[in-house]
Amino acid sequence: MRLGVVACDILKKEIEHLLGDDPDFVRKEYLEFSLHVYPEEMKAKILEVIDDVKKEVDGILIGYAICQALENFTDELDIPAVMIEGVDCIEAVLGPEEYKNEKKKCTGTWFSTPGWAETGKEGLIKEMHLDAMADEGYPADFFLDVIFESYSRCLYIDTGIEGNENYQALSEKFAEELGFQHECRKGSIEGIGKAIQELKTKVAAGS
């Protein structure tokens, strides 16, 4: 079988960790995380990329959770596809109950995974164009302060991929830069692995 991936780059490390050198996956496309800011535009972009990828594959792993705009998304596609379960990428690696529990502990929590940690403060500024009005007297930090006004904690989620110590350090740096308390906990990529296996089963059954 020939399979593809169309995913958010925030989950790239976890997906690549699970796929390794799996020969079934012949095409992979990772899209910039900032698409989340505009859900409907994100959906349109994902559909555009899928239309290209599906020419080469028998099925596609959609490396996204619902993310505001993708509920029942695979029902709209004319190729076998499986999404990752969850409302967003954090629930995908924590599970709904633990996600809810962590929000209860601190409503102002910024959830950090390896992908988010690597993006960091400068990545957020660049991808969200927060420096676009610097010449008009509004530095990027002004907009960061607005975005993160209600946040006080950064929770790093160890997803079990290689290089965790480095990503945790980057998450700690991000928390320090924004004046957040920093905490760590374990997560899981079993849900992503389940989606990969489900795709393979679906494509095999249809062949």
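A. Spatial organisation of the environment of glutamate 32. Inspection of the secondary structure assignment puts glutamate 32 in the loop between strand E2 (25–31) and helix H2 (39–53). Residue glutamate 32 is classed as partly exposed on the basis of its relative accessible area, which comes to 33%. Separated by 153 residues in the primary sequence, glutamate 32 and arginine 185 place their C-alpha atoms 25 Å from one another. Discounting chain neighbours no more than four positions away, the residues touching glutamate 32 are Asp9 and Glu127.

B. Here's a closer look at the packing of helix H1 (residues 12–19) against helix H8 (residues 190–206). Relative orientation of the contacting elements H1 and H8 amounts to 55 degrees, with a least axis distance of 10 Å. Classed by the angle they form, the pair H1 and H8 counts as oblique. Pair H1 / H8 crosses with right-handed handedness. Mapping the contact onto sequence places Glu14, Ile15, Leu18 and Leu19 in H1 and Ile192, Gly193 and Ile196 in H8.

C. Broad picture of the pattern of salt bridges. Using the criterion set out here, one finds 22 salt bridges in the structure. Shared partners join several salt bridges into a network, and the residues in it are Glu98, Glu102, Lys105, Arg153, Glu183 and Arg185.

D. Local environment of a nonpolar patch on the surface. Taken together, the side chains of Met133, Tyr138, Phe142 and Val146 define a hydrophobic patch exposed on the protein surface, amounting to about 350 Å² of accessible area. With respect to the secondary-structure elements, tyrosine 138 resides in the loop between helix H5 (114–127) and helix H6 (140–147). Among the residues examined, tyrosine 138 registers a relative accessible area of 35% and is labelled partly exposed.

E. Spotlight on the nonpolar core. Of all hydrophobic cores here, the largest spans 62 residues; its most connected members are Ile15, Ile46, Ile62 and Tyr64. Contacts of isoleucine 46, omitting those with residues within four sequence positions, involve Val6, Leu31, Tyr64, Leu70 and Phe73.

F. View of H1. Residues Glu14, Ile15 and Leu19 constitute the buried set of H1. Projection of H1 onto a plane perpendicular to its axis shows the buried side chains occupying an angular sector of 125 degrees, all on one side. Lining the buried residues of H1 we find strand E1 (3–8), E2, strand E3 (59–63), H5 and H8. Positive backbone phi, approximately 55 degrees, marks glycine 20, located one or two places after H1.

Conventions and cut-offs
- Residues numbered from 1 in each chain as written.
- Predicted model: local features only at pLDDT ≥ 70, side-chain atom pairs only at ≥ 80, totals over all residues.
- Heavy atoms only, no water.
- Helix = DSSP H or I, 4+ residues; strand = E, 2+ residues; numbered from the N terminus.
- Buried < 20%, exposed > 50% of the residue type's maximum accessible area, 1.4 Å probe, protein only.
- Contact = heavy atoms within 4.5 Å.
- Axes fitted to C-alpha atoms, helices over the stretch in contact; angles between N-to-C directions.
- Parallel < 35°, antiparallel > 145°, perpendicular 65-115°, else oblique.
- Left-handed = near helix turned anticlockwise from the far one by under 90°.
- Salt bridge = Lys/Arg side-chain N within 4 Å of Asp/Glu carboxyl O.
- Patch = residues over 30% accessible without salt bridge, like charges linked within 9 Å, V, L, I, M, F, W, Y side chains within 5 Å.
- Areas by Shrake-Rupley, 256 points an atom, 1.4 Å probe, with all protein chains shown as cover.
- Core = buried A, V, L, I, M, F, W, Y, C linked by side-chain atoms within 4.5 Å.
- Arc of directions from axis to C-beta.

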